[in-house]
Amino acid sequence: MPRDIDAALMRAFLAVNESGGMTAAARVLNLTQAAVSQQIKRLEELFDVTLFDRQAKQMALTPEGQRLLGHARRLVHLNDEVVGLMTSQEVSGEIRLGVPHDIVSVYLPPILRRYAQIRPNIRVVMIASTSRKLIGQMEAGEVDMTLTTEIAPARGHNMLSRQNLLWVGAENGQVYRRRPLPLSTGDDTCAFMAVAVPVLRDAGIDWVKICEARYTPAVIATVEADLSVGMWMSSSAPPHFTVLGPETGLPPLPDFYVNLRMPVGGGNQSVKELAGHIRDYFGQRYRRAA
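Nothing here was measured: the structure is a model prediction, and the numbers come from that model. (Residues numbered from 1 in each chain as written. Predicted model: local features only at pLDDT ≥ 70, side-chain atom pairs only at ≥ 80, totals over all residues. Heavy atoms only, no water.)

**A look at the overall build of the protein chain**
Okay, so step 1: The helix and strand tally for the protein chain stands at nine helices and 12 strands.
Okay, so step 2: The C-alpha extent of the protein chain, read off along each of the three principal axes, is 70 × 45 × 30 Å.
Okay, so step 3: Classification of the 290 residues of the protein chain by burial places 50% in the buried group.
Okay, so step 4: Carbon and sulfur atoms make up 52% of the accessible area of the protein chain, which amounts to about 14500 Å² in all.
Okay, so step 5: Between the averaged position of the 31 positive side-chain charges in the protein chain and that of its 29 negative side-chain charges there is a distance of 1 Å. (Helix = DSSP H or I, 4+ residues; strand = E, 2+ residues; numbered from the N terminus. Buried < 20%, exposed > 50% of the residue type's maximum accessible area, 1.4 Å probe, protein only. Areas by Shrake-Rupley, 256 points an atom, 1.4 Å probe, with all protein chains shown as cover. Lys, Arg positive; Asp, Glu negative; His and termini not counted. Charge placed at Lys NZ, Arg CZ, Asp CG, Glu CD.)

**Some points on the state of the cysteines**
Okay, so step 1: With the rule as written, the count across this model stands at zero disulfides.
Okay, so step 2: Looking at C211, it has no disulfide partner, and the nearest cysteine sulfur is the one in C190, 11 Å off. (Disulfide = S-S within 2.5 Å.)

**Some points on the pattern of salt bridges**
Okay, so step 1: As enumerated under the stated definition, the model contains eight salt bridges in all.
Okay, so step 2: We note a salt bridge from R119 to E273, for which the minimum N-O separation is 2.6 Å. Of the two residues, R119 sits in the loop between helix 5 (104-118) and strand 4 (122-129) while E273 sits in helix 9 (residues 269-289), which places them 154 residues apart along the sequence.
Okay, so step 3: Owing to a relative accessible area of 7%, R119 belongs among the buried residues under this scheme.
Okay, so step 4: Assessed through its relative accessible area of 7%, E273 is described here as buried.
Okay, so step 5: A single network of salt bridges, built from pairs that share partners, joins E94, R96 and R123. (Salt bridge = Lys/Arg side-chain N within 4 Å of Asp/Glu carboxyl O.)

**Side note on the layout of surface pockets**
Okay, so step 1: Volume-wise, the largest pocket comes out at about 800 Å³.
Okay, so step 2: Surrounding the largest pocket, 32 residues form its lining, N17, E18, S19, Q58 and M159 being those nearest its centre.
Okay, so step 3: Those elements giving two or more residues to the lining of the largest pocket turn out to be helix 1 (7-19), helix 2 (22-29), strand 2 (60-61), helix 4 (63-87), strand 6 (158-163) and helix 9.
Okay, so step 4: No other element matches helix 9, which puts five residues into the lining of the largest pocket.
Okay, so step 5: Taken as a whole, the second largest pocket spans an internal volume of roughly 310 Å³. (1 Å grid on protein atoms, 1.4 Å probe; cavity = no way out; pocket = protein on both sides within 12 Å on 5 of 7 lines; lining within 4 Å. Points joined across faces, edges and corners; volume = space filled by probe spheres on them.)

**Examining helix 8 (residues 216-224)**
An α-helix turns once per 3.6 residues; consequently, residues spaced three or four apart project the same way.
Okay, so step 1: The complete set of buried residues in helix 8 reads T216, V219, T222 and V223. Buried residues of helix 8, viewed axially, fall in a sector of 130°; they line one side.
Okay, so step 2: Elements that come into contact with the buried residues of helix 8 comprise strand 7 (165-169), strand 8 (181-185), strand 9 (207-212) and strand 10 (230-233).
Okay, so step 3: Just downstream of helix 8, D226 is the residue with a positive phi angle, here 60°. (Arc of directions from axis to C-beta. Contact = heavy atoms within 4.5 Å.)

**Some words on empty space enclosed by the protein**
Okay, so step 1: This structure, assessed with the given rule, holds two cavities of 30 Å³ or more.
Okay, so step 2: Roughly 320 Å³ of internal volume is contained in the largest cavity.
Okay, so step 3: Surrounding the largest cavity, 21 residues form its lining, D102, G186, C190, F192 and T216 being those nearest its centre.
Okay, so step 4: Listed by contribution, the elements that provide at least two residues to the lining of the largest cavity are strand 8, helix 7 (191-202), helix 8 and strand 10.
Okay, so step 5: When its residues are assigned to classes, the lining of the largest cavity shows nine nonpolar, nine polar and three charged.
Okay, so step 6: Within this model, the second largest cavity holds a volume of roughly 130 Å³.
Okay, so step 7: Along the wall of the second largest cavity there are 13 residues; nearest its centre are L14, E18, V76, G276 and R279.
Okay, so step 8: When contributions to the lining of the second largest cavity are tallied by element, the ones reaching two or more residues are helix 1, helix 4 and helix 9.
Okay, so step 9: The residue inventory of the lining of the second largest cavity, partitioned by class, reads four nonpolar, three polar and six charged. (Nonpolar A, V, L, I, M, F, W, Y, C, P; charged D, E, K, R; others polar.)

**Notes on the pairing of strand 3 (residues 93-100)**
Okay, so step 1: Sheet analysis places strand 3 next to strand 4, joined by eight bridges and oriented parallel. When the sheet's bridge partners are listed, V99 is paired in strand 4 with A128.
Okay, so step 2: As a crossover connection, the stretch from strand 3 through helix 5 into strand 4 is right-handed.
Okay, so step 3: Judged from the two bridges that link them, strand 3 and strand 5 (residues 145-150) form a sheet pairing that is parallel. Of the residues in strand 5, the one forming a bridge with L97 is M145. (Pairing = 2+ DSSP bridges. Right-handed = clockwise from strand over helix to strand, strands pointing away.)

**Considering unusual backbone geometry**
Okay, so step 1: With an omega dihedral of 0°, the bond running from R179 to P180 counts as a cis peptide bond.
Okay, so step 2: The topology assignment puts P180 in the loop between strand 7 and strand 8.
Okay, so step 3: The backbone of D48 shows a phi angle near 55°, a positive value even though the residue is not glycine.
Okay, so step 4: Checked against the element boundaries, D48 lands in the loop between helix 3 (33-47) and strand 1 (52-53).
Okay, so step 5: In this structure, N172 takes a positive phi of about 60° despite not being glycine.
Okay, so step 6: Among the structural elements, N172 can be located in the loop between strand 7 and strand 8.

Have a look at this one:
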């Protein structure tokens, strides 16, 4: 006899995997920890498998959980797509979505295009700034949800990808040899600059900031002109730039994380739905890359 799968169970499964635990997933889903735990138990009983290794410090997927992961994302996405299709004329409003300047063009176009097809009556307003400012704006209720680039996964939120932070320069450029090292970066809230300073200090490399820009194009211009070096995550580095590896004498930079931060309670249904599209997009993109 066919068994039906409750999409809510799959949603709980994805939330636990993405946030790293039952308690964090409960905050994302706006449920109690006990309710999330019960949903995971029901899903495991449905398939007669164990989906999470509960002995690990951060709940990790078992081989069975890994096998389910991609299918769970597709099932939840299809569920949301069908619901959106059948109710699109009944839902309207506005979502204010925060996103750091350097990843706007990398990730947002395909996400927003697909969401607009499902929810044509919802206006998504993008607020581009630095991660620190966007977090503050979300806490103040000025944005409904925000992507961030941070030095660590955001506890209680969704970690979407982990990436190398790279030194980059102009093609055939030589400015990386200069001392003090000329740097171009964002404003004084730039998270990349906050980690670069101690890394350069520990390596005994003096530096000078020659461009502090609110918008990425100004940084790109100075790097492209071989007036400075810059810092980009591996997914968003302009393709015509050269990655400056250890052979240049520059010290390695730490990894960074793309996180999806949600307000307390997870926001309204439209916000949660867009968050699901964002998680699904990142899941598919980095599953293919792996």
